[in-house]
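Analysis of the macromolecular model
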Amino acid sequence: MRVVVASHGHCFDGLASAVLFTHLLRELDQPIRELQYHALGYGPEQRPTEALLKGDINAVLDYRFTPSVALHWYFDHHRTAFASNEDRNVFDARKEQGQFFHTADYSSCTKLIAEISRQQFKIESPALAELVRWADRIDSANFPSAEAAIDGHSPILRLANVVEHHGDDAFFQQFAPLLLTAPLDEVAQHKLIQSHYAPLAERRERYLQLVREHARLIGRVVFVDLTATPLQALAKFVTYALFPRSMYSVIIGRLGNAIKISIGHNPWCGEKRRHDIGAICAHHGGGGHAMVGGIAFPLAQLAHALNIAQQIAQDLDCTEHAV
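Presented here is a report on the structure given in the accompanying data block. (Residues numbered from 1 in each chain as written. Predicted model: local features only at pLDDT ≥ 70, side-chain atom pairs only at ≥ 80, totals over all residues. Heavy atoms only, no water.)

A look at the sheet that holds strand E5 (residues 100-102)
Working definition: the strands of a sheet are paired by backbone hydrogen bonds and lie parallel or antiparallel to each other. Let me state the cut-off plainly: Pairing between strands is defined by DSSP: at least two bridges between them are needed. Strands here mean DSSP runs of E at least two residues long; helices mean DSSP runs of H or I at least four residues long; both are numbered from the N terminus. Angles shown run from 0 to 180 degrees and are taken between the N-to-C directions of axes, each axis being a line fitted to C-alpha atoms and, for helices, limited to the stretch in contact. We call two residues in contact when some of their heavy atoms are within 4.5 Å.
Reading across from one edge, E2-E1-E3-E4-E5 is the order of the five strands in this open sheet, with parallel pairing throughout. If you trace the sheet from one side to the other, it starts and ends with strand E2 (34-40) and E5, each paired once. Between one strand and the next, the sheet's axes are offset by a mean angle of 10°, whatever the strand orientation. Looking at chain direction, strand E1 (residues 2-8) and E2 are connected through seven bridges and run parallel. In the strand pairing of E2, Ser-7 is matched with Ala-39. Relative to E1, helix H1 (residues 12-27) is tilted by about 150°, and along the sheet it contacts E1, E2, strand E3 (57-61) and strand E4 (73-76). Packing against the sheet, helix H2 (residues 85-94) makes contact with E4 and E5, and its axis sits at approximately 125° to E5.

Take a look at the structure:
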């Protein structure tokens, strides 16, 4: 059978989810003839998910639900997984088949797949335990500090950084099978990962400088407008390392032909989150978790996106209206 695995692209949890799901299928003795991986995104030029589901078995992981009849497996942990009540109803009707799983606010989709594999299908994945642990740690920001979260000396974090910048279809097609057979540390030292990371390390220093130059505080919110310079990605956690007392960050930047707004709560600020960031992003067509989320706009809507980003930053500072 031809299997299509469509998972959240440019995301370490999305890549790891594809690996864990492939392991599950193989342990279920599915006769896999061909495996095709697709990296899904939320940008304005993203292909419709249903158009990708051309296999005998099709799976969507760590991404918004699609009500397509061609979908056979689904795993996700985002609170914004369902674009409408109708989509949620389709999911609820099909989850009795035992191949549709959604647990809102689960720390990572990779961990969800690992635990469902163990609990429902009695399938263990000890060789992938480190991959599960790191995917869960990165996606839930479970680091002792913001500095630890952006540690440029960690091989695994270097790999995650490369995935965020280069994690497209071709990257998933090459590295998902490799992560199934090789230790995580070994994959992190792969020559292609090293070659991709070298220029990213230089960009990282330039990015830090751009954030220093363009960040401004709106109360306890760090607002950063990086739309003047095209970027490869909006780095996570940098604002918290530079502004450790900030509660939230709102970063807007140009990524290719899109404008991306990235919003997050600082887990190291010492104060409880007071807003549902995923719900805020969903209101503007984006998605995410309660602690972090994103919104994408076409490049032509720069002024509109900038207004929305500024308004969100101001709203996040109005803690008396917290959710």
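Describing H2
Here is the rule we go by: A simple rule labels every residue: compare its accessible area, found with a 1.4 Å probe on the protein chains alone, to the largest value its type can have, and call it buried under 20%, exposed over 50%, or partly exposed in between. Comment: arc refers to directions from the helix axis out to C-beta atoms.
Considered for burial, the residues of H2 that qualify are Asp-87, Phe-91 and Arg-94. Buried residues in H2, looked at end-on, bunch into an arc of 75°, giving them a common side. Along H2, the residues that are exposed and aim more than 90 degrees away from the buried face are Asn-85, Glu-86, Asn-89 and Ala-93.

Thoughts on the layout of surface pockets
So the rule is basically this: Residues are said to line a cavity or pocket when one of their atoms sits within 4 Å of a point; the points come from a 1 Å grid over protein atoms alone, cavities being sets where a 1.4 Å probe fits but cannot get out and pockets being open sets with protein on both sides within 12 Å along at least five of seven lines. Grid points are joined across faces, edges and corners, and a volume is the space filled by probe spheres set on the points. Just so you know the grouping, Ala, Val, Leu, Ile, Met, Phe, Trp, Tyr, Cys and Pro go in nonpolar, Asp, Glu, Lys and Arg go in charged, and all remaining residues, Gly too, go in polar.
What the second largest pocket holds in volume is close to 540 Å³. At the level of secondary structure, the elements contributing two or more residues to the lining of the second largest pocket comprise helix H6 (155-166), helix H9 (191-214) and strand E7 (221-231). When residues in the lining of the second largest pocket are grouped by element, the largest group, eight residues, is from H9. When the residues that make up the lining of the second largest pocket are grouped by side-chain class, the tally is 17 nonpolar, five polar and seven charged.

Points about the side chain of Asp-76
Put simply, the test is: We define a polar contact as two N or O atoms separated by no more than 3.5 Å, with the added condition that, inside protein, one atom must be a possible hydrogen donor and the other a possible acceptor, whereas residues neighbouring each other in sequence contribute only through side-chain atom pairs.
Within the fold, Asp-76 resides in strand E4. A polar contact of 3.0 Å, which involves the side chain of Asp-76, links it to the backbone nitrogen of Tyr-63. Apart from residues no more than four positions distant in its own chain, Asp-76 is found in contact with Asp-62, Tyr-63, Ala-81, Phe-101, His-102, Thr-103, Cys-109 and Leu-112.

Regarding helix H3 (residues 109-121)
Here is the rule: Residue count minus one, scaled by 1.5 Å, sets the expected span of a helix.
A rise of 1.5 Å per residue sets the reference length of H3, with its 13 residues, at 18 Å; its end C-alpha atoms lie 17 Å apart and thus fit the reference within 8%. Listed in full, the buried residues belonging to H3 are Cys-109, Thr-110, Leu-112, Ile-113, Ala-114, Glu-115, Ile-116 and Ser-117. Two to three positions downstream of the cap, the backbone nitrogen of Lys-111 sits 3.1 Å from a side-chain oxygen, assigning the N-cap of H3 to Ser-108. Just past H3, the residue Lys-122 takes up positive phi, approximately 60°.

Overview of the sheet that holds strand E10 (residues 287-288)
Strand order in the open sheet made by the six strands is E6-E7-E8-E9-E11-E10, with mixed pairing throughout. Each edge of the sheet is formed by a strand with only one pairing partner; in this case those strands are strand E6 (215-218) and E10. The pairing of E6 with E7 spans four bridges and is antiparallel. Paired with Arg-216 across the bridge in E7 is Phe-223. Helix-sheet contacts for helix H12 (residues 302-317) involve E6, E7, strand E8 (248-255), strand E9 (258-265) and strand E11 (292-298), and the interaxial angle to E7 is about 160°.

Quick look at the pattern of salt bridges
Note the following rule: The working definition used for a salt bridge is a side-chain nitrogen of Lys or Arg within 4 Å of a carboxyl oxygen of Asp or Glu.
Under the criterion given, the structure shown has nine salt bridges. In this structure, Arg-79 engages Asp-276 in a salt bridge whose closest nitrogen and oxygen atoms are separated by 2.9 Å. Placement of the pair is Arg-79 in the loop between E4 and H2 and Asp-276 in the loop between E9 and helix H11 (277-283), with a sequence separation of 197 residues. In this structure Arg-79 comes out as partly exposed when scored by relative accessible area, which is 40%. Here Lys-95 makes a salt bridge to Asp-92, at a shortest N to O gap of 3.7 Å.

Observations concerning the nonpolar core
Just so we agree on the cut-off: Among buried residues, those of type Ala, Val, Leu, Ile, Met, Phe, Trp, Tyr and Cys that are joined through side-chain atoms within 4.5 Å constitute a nonpolar core.
Counting residues in each nonpolar core, the largest one holds 71 residues, and the members touching the most others are Phe-12, Phe-21, Trp-73, Phe-75 and Leu-131. The element that contributes the greatest number of residues to this core is H1, accounting for nine residues. Grouped together as the second largest cluster of nonpolar side chains are 22 residues, Val-221, Ile-259, Ile-263 and Leu-316 included.

Overview of the packing of aromatic side chains
Keep this limit in mind: Only rings of Phe, Tyr and Trp enter the pairing, Trp through its six-membered ring, and a pair is recorded when the two centres are within 6.5 Å. The plane angle decides the type: under 30 degrees is stacked, over 60 is edge-to-face, the rest tilted. Whether a charge sits over a ring depends on NZ of Lys or CZ of Arg being within 6 Å of the ring centre and within 35 degrees of the ring normal.
Per the counting criterion, the structure on display carries 17 aromatic pairs. Taken together, the ring pairs in this structure connect Phe-21, Trp-73, Phe-75, Phe-101 and Phe-121 into an aromatic cluster. Positioned over the ring face of Trp-134 is Arg-137, at 4.9 Å from the centre of the ring.

Things to note about unusual backbone geometry
Located in the positive-phi region is Asp-62, a residue other than glycine, with phi close to 55°. Looking at the secondary structure, you find Asp-62 in the loop between E3 and E4. In this structure, Lys-122 takes a positive phi of about 60° despite not being glycine. If you trace the backbone, Lys-122 turns up in the loop between H3 and helix H4 (129-139).

As for the pairing of E8
The element E8 is largely enclosed, with a buried count of six among its eight residues. With eight bridges connecting them, E7 and E8 associate as parallel partners. Its bridge partner lying in E8, Phe-223 is registered against Val-250. The antiparallel hairpin formed by E8 and E9 contains two residues in its connecting segment, where Gly-256 sits at a positive phi of about 65°.

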